[in-house]
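Commentary on secondary and tertiary structure
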Amino acid sequence: MERQEGPRRTALIVVDMINTYDHQDAELLVPSVERVVPVVAELIARAREADVPVIYANDNFGRWRSHHGELVEAALARPRADLIEPIRPDEESLFVMKARHSVFYETPLAYLLWSLGVGHVVLAGQVTEQCILYSALDAHIRHLEVTVPRDAVASIHPHLASAALEMMERNMGARIVTAKETGFTRADDR
């Protein structure tokens, strides 16, 4: 893949939103996810409208022989499909499977972002105090600009999420804004 030249682009990374919600912390997580799904869906729509890459980085839940289509199908077949349908990947969406907290840890995401000419990532999804926090740190150490819309990230423990957002802003230089304050510029307008 050749690197796209020109100004550094933005990419929207949707973290761990393709989920069956049948895990240990699901009961604590689901109320927060219910609040953020419409916001994440709006961010995805705005990114697509602006021709900004939408990249789903999702846990494989230990299913080492699966691919992204199987994860989406499994999540849509579970009782909380209502949380998946509004944010499901389309044919243009990119997908990176991950096995640990950070979207960068042993995934091809850094190379994908480089090849797309991305210098700024917007992180949305779950869980603020875990995967979003560690992904923001890994983006920061890769010299990527980071934006986290606080109303587009779900948490298990709100007090830890607040601390995580503060750490991202203070220690990693992340912009912590609302989804409405998150701007996407059309690729051909650069």
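It should be emphasised that the depicted structure is a prediction, and the values quoted were computed from it without experimental measurement. (Residues numbered from 1 in each chain as written. Predicted model: local features only at pLDDT ≥ 70, side-chain atom pairs only at ≥ 80, totals over all residues. Heavy atoms only, no water.)

1. Looking at the overall build of the chain
Across its full length, the chain holds five helices and seven strands. Along its sequence from the N terminus, the chain presents helices and strands in the succession β-α-β-α-β-α-β-α-β-β-α-β. Since a compact globule built from 190 residues should have a radius of gyration of about 16 Å, the 15 Å found for the chain is in line with a globular shape. Along the longest, intermediate and shortest principal axes, the C-alpha atoms of the chain span 45 × 35 × 30 Å. (Helix = DSSP H or I, 4+ residues; strand = E, 2+ residues; numbered from the N terminus. Rg over C-alpha atoms; globule rule 2.2 N^0.38 Å.)

2. A word on the side chain of His-120
Of note, His-120 is situated in strand E4 (residues 118-126). Among the polar contacts made by the side chain of His-120, one reaches the side chain of Thr-147 at a distance of 2.7 Å. Ignoring sequence-local partners within four residues, the contact set of His-120 consists of Arg-9, Thr-10, Ala-11, Glu-145, Val-146 and Thr-147. (Polar contact = N/O pair within 3.5 Å; in protein donor to acceptor, adjacent residues only side chain to side chain. Contact = heavy atoms within 4.5 Å.)

3. Side note on the pairing of strand E2 (residues 54-59)
With six of its six residues buried, E2 lies for the most part within the structure. Burial along E2 is two-sided: Val-54, Tyr-56 and Asn-58 and Ile-55, Ala-57 and Asp-59, pointing in opposite directions, are all buried. Note: strand E1 (residues 9-15) against E2, four bridges, orientation parallel. Directly across from Ile-13, in E2, lies its bridge partner Ile-55. (Buried < 20%, exposed > 50% of the residue type's maximum accessible area, 1.4 Å probe, protein only. Pairing = 2+ DSSP bridges.)

4. Description of the nonpolar core
Counting residues in each nonpolar core, the largest one holds 36 residues, and the members touching the most others are Leu-12 and Ile-18. Every element with two or more residues in this core is listed here: E1, helix H1 (26-49), E2, helix H2 (68-76) and E4. When residues of this core are assigned to their parent elements, the largest contribution, 12 residues, is made by H1. (Core = buried A, V, L, I, M, F, W, Y, C linked by side-chain atoms within 4.5 Å.)

5. Some remarks on helix H4 (residues 128-141)
The end-to-end C-alpha distance of H4 is 18 Å, a good match for the 20 Å that 14 residues give at a rise of 1.5 Å each. Among all positions in H4, only Thr-128, Glu-129, Cys-131, Ile-132, Leu-133, Ser-135, Ala-136, Asp-138 and Ala-139 are buried. Against the buried residues of H4 lie E1, strand E3 (94-98), E4, strand E5 (145-149), strand E6 (153-154) and helix H5 (158-172). Where H4 ends, the next residue or the one after it, His-143, has phi of about 65°, a positive value. (Expected span 1.5 Å × (residues − 1).)

6. Side note on unusual backbone geometry
Looking along the chain, the bond that leaves Gln-126 and enters Val-127 is cis, with omega of 0°. Secondary-structure assignment places Val-127 in the loop between E4 and H4. You will see that Glu-106, though not glycine, has its phi angle at about 50°, which is positive. With respect to the helices and strands, the residue Glu-106 is situated in the loop between E3 and helix H3 (109-116). When its relative accessible area of 71% is taken as the criterion, Glu-106 is described as exposed.

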